[in-house]
Amino acid sequence: MNIKAIREGEKIIISFPFSAENVRRVKELDSRRYDPDRKIWWTGIENLYHVISKIGDITELSDDLKTLQEQHKNKISIDAQAEYLRPYQKEGVEFLLRHKRVLLGDDPGLGKTPQTIAAITQLNIRALIVCPKSVKSEWARMLKQFAPDTKFTIINGSAKKREFLWLDSIDQIVICNYEQIRIDQKYIDPKKFELLVLDEVTECKNYKAQITKLIINLSRSFEYVIALSGTPLMNHPSELWQIFNIVQPFLLGDFYIFKKRYLDEEFKLKSKQAKHDLHIAISRLMLRRKKSEVEKDLPPKIYLNYDIELSDDQFEMYKECLSGIITKTNEEQLSTIAVLAMLTRLKQICNHPRLIDPDSAFGSEKFEHALKMIDDILDNEEQKLVVFSQYSKMIDLFLERTEQYKPLVISGDINSRDREKAIYSFQNDSSSRLLFLTTAGDMGITLNAATDMILFDETWNPAQMRQIEDRIHGRGEKRSVNIHRLITKNTIEEKIKYRLRQKQQIISEVVDGEDLEKMKPVELMQILREGGEA
C-alpha cells in the first residue's frame, strides 16, 4: 500500500511517500485539507467512506478505522442495498445514513426520491416530507413502488379534513406541500416526527419569505433533516447560504461573515479560491452528482411526472365548459368530430384559458409551473431544453415570457430555411439553449443536443409521443435525457393519460384524427363524463 490512513480523534490523517501519483490521488478527495505546520493531509472521520471509495485501492487503514468500517457495514441493511438502487444511489443512501442533517443535490433524474425512501426505511423513524404540491402524488407513487409496506398519509382536502389528518395520522410518513406548512402550522406537532425531508428546498431560498422563516423554525425541532435540490446551488451562493441555514445552522456563519469571506459586492463568488473554500466547507454535508458522472448507470430516458392543479379561475371555466358540453350532447345527436372538438376545448383550458379566449385575464397553474421549470433547468449552463406543445398559440404564450433566453421555434409556420437554421443553432451554438417544438414541426429532425424535454401537453397517441421524445434521444444514443411530463389533476387530461392508456387503438385512431368514423360518439362522451367526475 502506498498510502496510510490512521484515526486521530475526529480526523483521518493521511500519510504517504511523496510522488506525483500519490499527490494526484489524494487530491481526488473533495474534503481533504492540508496542515502546513505538521505537513500532513487530513479529513474528517465522517468522510471515511469517501476516502475508501476514492483511494481505498491503494490505502492501508489503521485497525480502528477498519473496525469503524465494519461497524458501518453492519448498519446497512438489505433495504439500503435493494435491487432497485443503482450503484451511485447506494452510495447516496450510505451518505444520508452517515449524517443527521444533509443536502442531497444530485442532478434532476438521478433518483433523489428513491434514495431518500431507502434511507427512511433503513432509519425506521417517522418522517415529515414537505414538497411542492405538484410532486406529492409522485412521492406517493414512489413509496408504493419502492416501500410497499410503509404506511403514509398525504395531507389534502378541506381545513377540517387536514386538521384531522395532522392530528390523527399514525403512519410512518406524512406528506404535505409548502403552502400547507403555512396554513396548517397550528396543527403540526414536530414532536411526532424525527426526520424532516425538504424536497426542492430552493422553495426556501428567499430569507424574507414567510415560508422560509416557518421552515427554519420547524427544522430546528428535528433531529434529522434531508434537503433535496437538483439546482446547481454554487451558481447562487446567497441562496446556498440560506439552504445551509436550514440544513446545518452556523456551518457557514451568519450572512455578514459569509459575504465577507466568499462574496464580492455583486453577491457573486469573489474568486476561484473562494469557490474552492466554499466547496470544502460544505462538502462534508452535501453530496452532488452530475448526470455525466453516472451516465453508465442510467436508463436512456428518465421520466419525471408532475401533477398540476387547475387555478380557481381555470377550474370554474373548465366546469362551466364541461357542463355546457354535457347539456348540448343530451339535447342533440352530435357527430364524432363535434364531440372530439369539445374534448379538445377542455384540454386547451387545462393548458391556458387564453387558448379559448385570447382576452381572458385568467391565469394557468400549469403554465406558471412550466416557466419555473424552464428557469430551473436552464440555471445549469450545461443543460439544453426542448419544450413541446401541440398548440402553436401555446408556444406564442411561452415566447412572451421567455425572451431572456432568446428561444428558437420549430413549427409548421416557419419555412424550411428558418427551420434548418434553428436546428443548426440549437445543435451547435452553446448560447442557444431553449427551443419550442410543435407537432407540425417535429417530423424528421434531430435535437439530440438537448438534455431535457418538457411535454407541456400530449397528443394522447403513445406512438406519436415516442417519436417526439426521440427527437432528443434516438436509437443508439448512449447518454441519458430527462422527459418532464405535466398533467393537470382531476381533468379530462388526467383521465385520458392514466385511465385510457391501454386503449391505444382508440387514442391513435380518434384523438389524432385518424379514421374518426371508427369511434362512436357515445364512447367519446364516456370520456367526457369521466373528465367531469373528478
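Predicted model only: the values in this text are computed from it and were never measured. (Residues numbered from 1 in each chain as written. Predicted model: local features only at pLDDT ≥ 70, side-chain atom pairs only at ≥ 80, totals over all residues. Heavy atoms only, no water.)

What about the overall build of the chain?
Line of reasoning, step 1. Broken down by element type, the chain carries 22 helices and 18 strands.
Line of reasoning, step 2. Within the chain, the fraction of its 534 residues that count as buried is 54%.
Line of reasoning, step 3. For the chain, the proportion of contacts with a sequence separation of at least 24, taken over those separated by at least 6, is 71%.
Line of reasoning, step 4. With the model as given, the accessible surface of the chain reaches about 26000 Å², and the carbon-plus-sulfur share is 48%. (Helix = DSSP H or I, 4+ residues; strand = E, 2+ residues; numbered from the N terminus. Buried < 20%, exposed > 50% of the residue type's maximum accessible area, 1.4 Å probe, protein only. Contact = heavy atoms within 4.5 Å. Areas by Shrake-Rupley, 256 points an atom, 1.4 Å probe, with all protein chains shown as cover.)

Let's talk about the pairing of strand E11 (residues 224-228)
Both faces of the sheet carry side chains from a regular strand, because those side chains alternate between them.
Line of reasoning, step 1. Of all five residues in E11, five are buried, a share of seventy percent or more.
Line of reasoning, step 2. By the alternation rule, side chains of E11 split into Tyr224, Ile226 and Leu228 and Val225 and Ala227, which are all buried.
Line of reasoning, step 3. Bridge count between strand E6 (residues 101-104) and E11: four bridges; the pairing is parallel. Of the residues in E11, the one forming a bridge with leucine 104 is leucine 228. (Pairing = 2+ DSSP bridges.)

Describing helix H17 (residues 392-401)
Line of reasoning, step 1. Of the positions making up H17, those classed as buried are Met394, Ile395, Leu397 and Phe398. End-on view of H17: buried residues confined to an arc of 155 degrees, all on one side of the axis.
Line of reasoning, step 2. In this fold, the buried residues of H17 make contact with helix H15 (336-351), helix H16 (365-378), strand E14 (385-388), strand E15 (408-410) and strand E16 (434-437). (Arc of directions from axis to C-beta.)

Observations regarding helix H4 (residues 87-98)
Line of reasoning, step 1. The terminal C-alpha atoms of H4, which comprises twelve residues, lie 17 Å apart, in line with the 16 Å expected from a rise of 1.5 Å per residue.
Line of reasoning, step 2. Regarding H4, the residues found buried are Tyr88, Gln89, Gly92, Val93, Phe95, Leu96 and Leu97. (Expected span 1.5 Å × (residues − 1).)

Remarks on the environment of lysine 39
Line of reasoning, step 1. Here lysine 39 shows up in the loop between strand E3 (33-35) and strand E4 (40-44).
Line of reasoning, step 2. Assessed through its relative accessible area of 65%, lysine 39 is described here as exposed.

Quick look at the sheet that holds E11
Line of reasoning, step 1. Taken together, seven strands build an open sheet; the order of strands is E8-E9-E7-E10-E11-E6-E12 and the sheet is parallel. Where the open sheet ends on each side, the last strands, each with one partner, are strand E8 (152-154) and strand E12 (286-287).
Line of reasoning, step 2. When strand E7 (residues 127-131) meets strand E10 (residues 195-198), the two strands line up parallel, connected through four bridges. Opposite leucine 128, over in E10, you have leucine 196 as the bridge partner.
Line of reasoning, step 3. Running at roughly 160 degrees to strand E9 (residues 173-177), helix H6 (residues 136-146) makes contact with E7, E8, E9, E10 and E11 of the sheet. (Axes fitted to C-alpha atoms, helices over the stretch in contact; angles between N-to-C directions.)

Quick word on the confidence of the model for the chain
Line of reasoning, step 1. Confidence along the chain averages 84 in pLDDT terms, with 85% of residues attaining 70 or more.
Line of reasoning, step 2. The least confident element of the chain is helix H21 (residues 504-511), whose mean pLDDT is 41; the most confident is E10, at 98.
Line of reasoning, step 3. Confidence drops under a pLDDT of 50 for residues 502-518, and excluding neighbours within four residues, the segment shows 31 contacts in the predicted structure. (pLDDT = per-residue confidence, 0-100.)

Concerning the sheet that holds strand E2 (residues 11-15)
Line of reasoning, step 1. Reading across from one edge, E3-E4-E2-E1-E5 is the order of the five strands in this open sheet, with mixed pairing throughout. Where the open sheet ends on each side, the last strands, each with one partner, are E3 and strand E5 (59-61). Sheet twist, expressed as the mean angle between neighbouring strand axes with direction ignored, is 35 degrees.
Line of reasoning, step 2. The pairing of strand E1 (residues 3-8) with E2 spans five bridges and is antiparallel. Bridge pairing in E2 places glutamate 8 opposite lysine 11.

Looking at unusual backbone geometry
Most peptide bonds adopt trans geometry, and most residues besides glycine take a negative phi value.
Line of reasoning, step 1. The phi angle at glutamate 200 is positive, at roughly 50 degrees, despite the residue not being glycine.
Line of reasoning, step 2. Looking at where glutamate 200 falls in the secondary structure, it is placed in the loop between E10 and helix H9 (210-219).
Line of reasoning, step 3. With a relative accessible area of 25%, glutamate 200 lands in the partly exposed category.
Line of reasoning, step 4. Of note, lysine 406 is a non-glycine position whose phi angle comes to about 50 degrees, a positive value.
Line of reasoning, step 5. Its place among the elements puts lysine 406 in the loop between H17 and E15.

Some words on the packing of H4 against helix H5 (residues 112-123)
Line of reasoning, step 1. Relative to each other, H4 and H5 sit at 45 degrees, their axes nearing to 9 Å. In terms of their interaxial angle, H4 and H5 are classed as oblique. For the pair H4 and H5, the sense of crossing is right-handed. Packed against H4, whose contacting residues are Tyr88, Gln89, Gly92, Val93, Leu96 and Leu97, the element H5 presents Pro114, Gln115, Thr116, Ala118, Ala119, Gln122 and Leu123 at the interface. (Parallel < 35°, antiparallel > 145°, perpendicular 65-115°, else oblique. Left-handed = near helix turned anticlockwise from the far one by under 90°.)

Overview of the packing of H9 against helix H10 (residues 237-247)
Line of reasoning, step 1. Axis separation between H9 and H10 bottoms out at 8 Å; the angle between their running directions is 35 degrees. Note on element contacts: H10 touches H9 through Gln242, Asn245 and Ile246, opposite Thr212, Ile215, Ile216 and Ser219.
Line of reasoning, step 2. Its residues assigned to classes, the contact of H9 with H10 comprises three nonpolar, four polar and no charged. (Nonpolar A, V, L, I, M, F, W, Y, C, P; charged D, E, K, R; others polar.)

Regarding the pairing of E6
Line of reasoning, step 1. Across the two faces of E6 the burial is the same, with Arg101 and Leu103 and Val102 and Leu104 all buried.
Line of reasoning, step 2. Taken together, the two bridges between E6 and E12 define a ladder with parallel strand orientation. In the sheet register, leucine 103 faces E12, and the bridge partner there is methionine 286.

Some points on the packing of aromatic side chains
Line of reasoning, step 1. A complete count under the given rule lists nine aromatic pairs for this structure.
Line of reasoning, step 2. Aromatic side chains tyrosine 34 and tryptophan 41 sit 5.0 Å apart centroid to centroid with 55 degrees between the ring planes, which places their arrangement in the tilted category.
Line of reasoning, step 3. We classify tyrosine 34 as partly exposed; its relative accessible area is 42%.
Line of reasoning, step 4. By the ring-pair criterion, three or more aromatic residues cluster together here, those being Trp241, Phe255, Phe258, Tyr262 and Phe267.
Line of reasoning, step 5. Its end group placed over the ring of phenylalanine 267, lysine 259 keeps NZ or CZ at 5.1 Å from the ring centre.
Line of reasoning, step 6. The aromatic ring of phenylalanine 426 is capped on one face by lysine 384, whose charged end is 5.1 Å from the ring centroid. (Phe/Tyr/Trp six-rings, centres within 6.5 Å; stacked < 30°, edge-to-face > 60°. Lys NZ or Arg CZ within 6 Å of the ring centre and 35° of its normal.)

Details of the pattern of salt bridges
Charged atoms that come close allow side chains of opposite charge to pair.
Line of reasoning, step 1. Applying the stated criterion to the full structure yields 18 salt bridges.
Line of reasoning, step 2. Across the pair glutamate 8 and arginine 38 runs a salt bridge whose closest N-O atoms are separated by 2.8 Å. Here glutamate 8 is found in strand E1, whereas its partner arginine 38 is found in the loop between E3 and E4, with 30 residues between them in sequence.
Line of reasoning, step 3. The exposure class assigned to arginine 38 is partly exposed, which follows from its relative accessible area of 44%.
Line of reasoning, step 4. Residues joined in a network through salt bridges with shared partners are Glu203, Lys372 and Asp376. (Salt bridge = Lys/Arg side-chain N within 4 Å of Asp/Glu carboxyl O.)

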